[in-house]
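What follows is each chain in one-letter form.
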Amino acid sequence: MRLRRMNMTGLVKAVLALLVLAGIGGCASMVERAVPPASAAVSATVPGLANVRFWGDEVPKDVAAAIRQRMPSLGSPPRAQSFENGRPVVNYLALSGGGSQGAFGAGLLAGWTKAGNRPKFEFVTGISAGALIAPFAFLGSAYDRQLEEIWTQYGDDDLVTKEPLGVLFGASAAVDTKPLADLIARFVDTKLLAAVAAEYRKGRVLLIGTTNIDAKRPVVWNMGEIALSRDPRALQLFRDVLLASASIPGLMPPIKISVDANGQTFDELHVDGGVTRQVFLTPVALKLSDFDQFYSSRPLRRVYVIRNGTLTPRYKPVDTSAAALASTSISALLDNQAAGDIYRIYVASTRDGAEFRLAADQSTTESVSNGLFDKDHMRELFKSTRNAAARGYPWLTSIPELHTHKN
């Protein structure tokens, strides 16, 4: 079975079928680890890097105190990089998941650079495919070349090794992602970490989301804090967080992250951030105005959301096999989760007086990705989006009718 000859729905069907068979056989996971008890989940910290993450579903009572705790090495409180009419300007960029559709976001950023009006973002967040874009988006247009290479030059054969039958015998995934891990390691080196750390000192923030699959909760990683650390494990953790955020559970293996709790060492399992969120800006109940105290005057906020995929589901009859029904249901669940996450960001933005901008693939015809990472599909999507963005991307300023179907 060759991944490059399967579209995403077919691949999910195969994985689901294998998982069902594996469940019937009673196979145990082949991931060996020291399992943390429930009592350790809240207090667990990464050795040598105690302040690099927090739960993504917790809203602090005291925002200032939380920032001092969660971002202790921040060179200054989050601050604006530019001003308009005497008001500080704060730009937010939220990058969603979307698999190979990440080529859309990468192409948009590259085209935005060519348009000449791409801003510098004070806050950048990334989930799943968005996580693989976020560090380069954070560092700016000087890293457009890296984005283009990542999203146009590598396909299934370059990034994953197929192991579909391994699921039958207790393996944790249908593919091995060591080639993808190697690619991340190639681009995420000490030079990139130093660049992220330098921007963090200026008050700019890069956040990546994963899912702690034991706790079934979102985890937000402060990548600037990791980059600034002198701990020798920081570089590998930075890479592991990016890989974990993009690791679809069942299809790709979970990422083990060692933690300390109650005087013992355990191994957490982290998977795709899209399991708990498709895109995020802040915890749901946190107001952007809570950050006003860090600026000289009330800032002008602009929130940019890039949805790596479409906004509206497309009608497509499904066959009645169990795998097809299950995979289509999962796809629908993720699409609606993304819509809900975007809507929450929109509501928070309008509530707090921020300008809202949304970009998504609005093509009227469906482009099928023939595999997990279809090089030809990604290359074409990157190119077409870059060209459109170079002419001036038509950002949406409100939420369209998300339930409108396109045939």
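The rules behind the values
- Residues numbered from 1 in each chain as written.
- Predicted model: local features only at pLDDT ≥ 70, side-chain atom pairs only at ≥ 80, totals over all residues.
- Heavy atoms only, no water.
- Helix = DSSP H or I, 4+ residues; strand = E, 2+ residues; numbered from the N terminus.
- Buried < 20%, exposed > 50% of the residue type's maximum accessible area, 1.4 Å probe, protein only.
- Areas by Shrake-Rupley, 256 points an atom, 1.4 Å probe, with all protein chains shown as cover.
- Polar contact = N/O pair within 3.5 Å; in protein donor to acceptor, adjacent residues only side chain to side chain.
- Axes fitted to C-alpha atoms, helices over the stretch in contact; angles between N-to-C directions.
- Parallel < 35°, antiparallel > 145°, perpendicular 65-115°, else oblique.
- Left-handed = near helix turned anticlockwise from the far one by under 90°.
- Contact = heavy atoms within 4.5 Å.
- Patch = residues over 30% accessible without salt bridge, like charges linked within 9 Å, V, L, I, M, F, W, Y side chains within 5 Å.
- Salt bridge = Lys/Arg side-chain N within 4 Å of Asp/Glu carboxyl O.
- Pairing = 2+ DSSP bridges.
- Core = buried A, V, L, I, M, F, W, Y, C linked by side-chain atoms within 4.5 Å.
- Nonpolar A, V, L, I, M, F, W, Y, C, P; charged D, E, K, R; others polar.
- Expected span 1.5 Å × (residues − 1).

As for the overall build of the protein
Along its length, the protein carries 13 helices and 12 strands. When each of the 407 residues of the protein is scored for burial, the buried share is 54%. On the protein, roughly 17,900 Å² of surface is accessible, and the fraction owed to carbon and sulfur atoms is 54%.

Some remarks on the environment of Ala244
Mapped onto the elements, Ala244 comes out in helix α11 (residues 234-245). A relative accessible area of 0% means that Ala244 is categorised as buried. Residues Ala244 and Leu269, 25 residues apart in the sequence, show an inter-C-alpha distance of 8.7 Å.

As for the side chain of Arg204
Following the sequence through the fold, Arg204 ends up in the loop between α9 (190-201) and β7 (205-212). For Arg204, a relative accessible area of 1% puts it in the buried group. In terms of polar contacts, Arg204 uses its side chain to reach the backbone carbonyl oxygen of Phe121, at 2.7 Å. Separated by 2.9 Å, the side chains of Arg204 and Glu199 make a polar contact.

Let's talk about the packing of helix α8 (residues 178-187) against α11
When two helices pack together, their arrangement is captured by the angle between the axes and the distance separating the axes. For the pair α8 and α11, interaxial distance at closest approach is 10 Å and the crossing angle is 135°. With respect to each other, α8 and α11 are oriented oblique. Along this stretch, α8 crosses α11, giving a crossing that reads as right-handed. In this structure, α8 contributes Leu180, Ala181, Ile184 and Ala185 to the contact, and α11 contributes Arg239, Leu242 and Leu243.

Comments concerning unusual backbone geometry
In the Ramachandran plot, Lys216 falls in the positive-phi region, its phi being about 60° despite a non-glycine side chain. In this structure Lys216 comes out as exposed when scored by relative accessible area, which is 63%. For Asn262, which is not glycine, the phi torsion reads 55° and is therefore positive. Tracing the chain through its elements places Asn262 in the loop between β9 (255-261) and β10 (264-272).

Digging into a nonpolar patch on the surface
Nonpolar side chains collect at one region of the surface, where Ile330, Leu333 and Leu334 lie side by side and expose about 250 Å² of accessible area between them. Relative to the assigned elements, Leu333 resides in helix α12 (residues 322-351).

Concerning the pairing of β9
The alternating pattern of β9 places Ile255, Ile257, Val259 and Ala261 on a buried face, while none of Lys256, Ser258 and Asp260, on the opposite face, is buried. Taken together, the seven bridges between β9 and β10 define a ladder with antiparallel strand orientation. The residue bridging Asp260 from the neighbouring strand is Thr265, located in β10. The antiparallel pairing of β9 with β10 creates a hairpin that spans two residues between the two strands, and Asn262 there sits at a positive phi of about 55°.

Observations concerning the nonpolar core
The biggest cluster of nonpolar side chains holds 109 residues, and the ones touching the most others in it are Trp151, Trp221 and Phe238. Here this core gets nine residues from one element, more than from any other, and that element is helix α5 (residues 129-139). Non-local contacts of Trp151, meaning those with residues more than four positions away in its chain, are made with Gly99, Ser100, Gly102, Ala103, Ala106, Ala129, Leu132, Ile133, Met378, Arg379 and Phe382.

Side note on the pairing of strand β11 (residues 300-307)
For β11, the buried fraction is high: eight of the eight residues fall into the buried class. Across the two faces of β11 the burial is the same, with Leu300, Arg302, Tyr304 and Ile306 and Arg301, Val303, Val305 and Arg307 all buried. Two strands pair when backbone bridges link them, and strand β3 (residues 87-95) and β11 are joined in this way by seven bridges, in the parallel orientation. Each bridged residue has a counterpart across the sheet, and for Asn91 the counterpart in β11 is Arg302. Of the pairings in the sheet, the one linking β11 to strand β12 (residues 355-360) comprises six bridges and is parallel in character. When the bridges of β12 are listed, Ile306 appears paired with Ala359.

Observations regarding the packing of α5 against helix α6 (residues 144-152)
The interhelical angle for the contact between α5 and α6, taken along N-to-C directions, is 155°, at an axis separation of 9 Å. Relative to α6, the element α5 lies roughly antiparallel. As α5 runs across α6, the sense of the crossing is right-handed. In contact with Ala129, Leu132, Ile133 and Phe136 of α5, α6 contributes Gln146, Leu147, Ile150 and Trp151. The residue makeup of the contact of α5 with α6, split by class, is seven nonpolar, one polar and no charged.

Notes on α11
In a regular helix each residue adds 1.5 Å, so 12 residues correspond to 16 Å; α11 covers 17 Å between its end C-alpha atoms and thus fits that length. Most of α11 is tucked away, with 11 of its 12 residues classed as buried. Those residues of α11 lying buried are Ala234, Leu235, Leu237, Phe238, Arg239, Asp240, Val241, Leu242, Leu243, Ala244 and Ser245.

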